[in-house]
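These are the residues of each chain, in order.
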Amino acid sequence: MNAFARPEVLAKAYMEMSRQVAAGELRVVRGGDHPMSEVRRVHADLRGRRTVGTLVLDPTR
């Protein structure tokens, strides 16, 4: 069973994460914006653990 099957667990985690972001204890690390045309390379980087932070795939590019 995972957290998505238990909404009360997920809600508690989101509340704690929101509190940490608001308090400046947690921040989003941007790993980069990539055009959709690079999706294969981005997935390979993810599988190879060569990424850090949040990756964004832009379907308009």
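Before reading further, recall that the structure is shown in the block above.
Residues numbered from 1 in each chain as written. Predicted model: local features only at pLDDT ≥ 70, side-chain atom pairs only at ≥ 80, totals over all residues. Heavy atoms only, no water.

Q: Please clarify how the pattern of salt bridges should be interpreted in this entry.
A: If charged atoms from side chains of opposite charge come close, those side chains can pair. By the definition in use, this model includes 7 salt bridges. With a closest N to O distance of 3.3 Å, arginine 6 and glutamate 8 form a salt bridge. Residue arginine 6 is classed as partly exposed on the basis of its relative accessible area, which comes to 38%. Through salt bridges with shared partners, a single ionic network connects Glu38, Arg41, Asp45 and Arg50. (Salt bridge = Lys/Arg side-chain N within 4 Å of Asp/Glu carboxyl O. Buried < 20%, exposed > 50% of the residue type's maximum accessible area, 1.4 Å probe, protein only.)

Q: I'm lost on helix H1 (residues 7-22) in this one. Help?
A: In this model H1 runs 22 Å from its N-terminal to its C-terminal C-alpha over 16 residues, within 8% of the 22 Å that 1.5 Å per residue would give. Looking at the residues trailing H1, positive phi occurs at glycine 24, about 80°. (Helix = DSSP H or I, 4+ residues; strand = E, 2+ residues; numbered from the N terminus. Expected span 1.5 Å × (residues − 1).)

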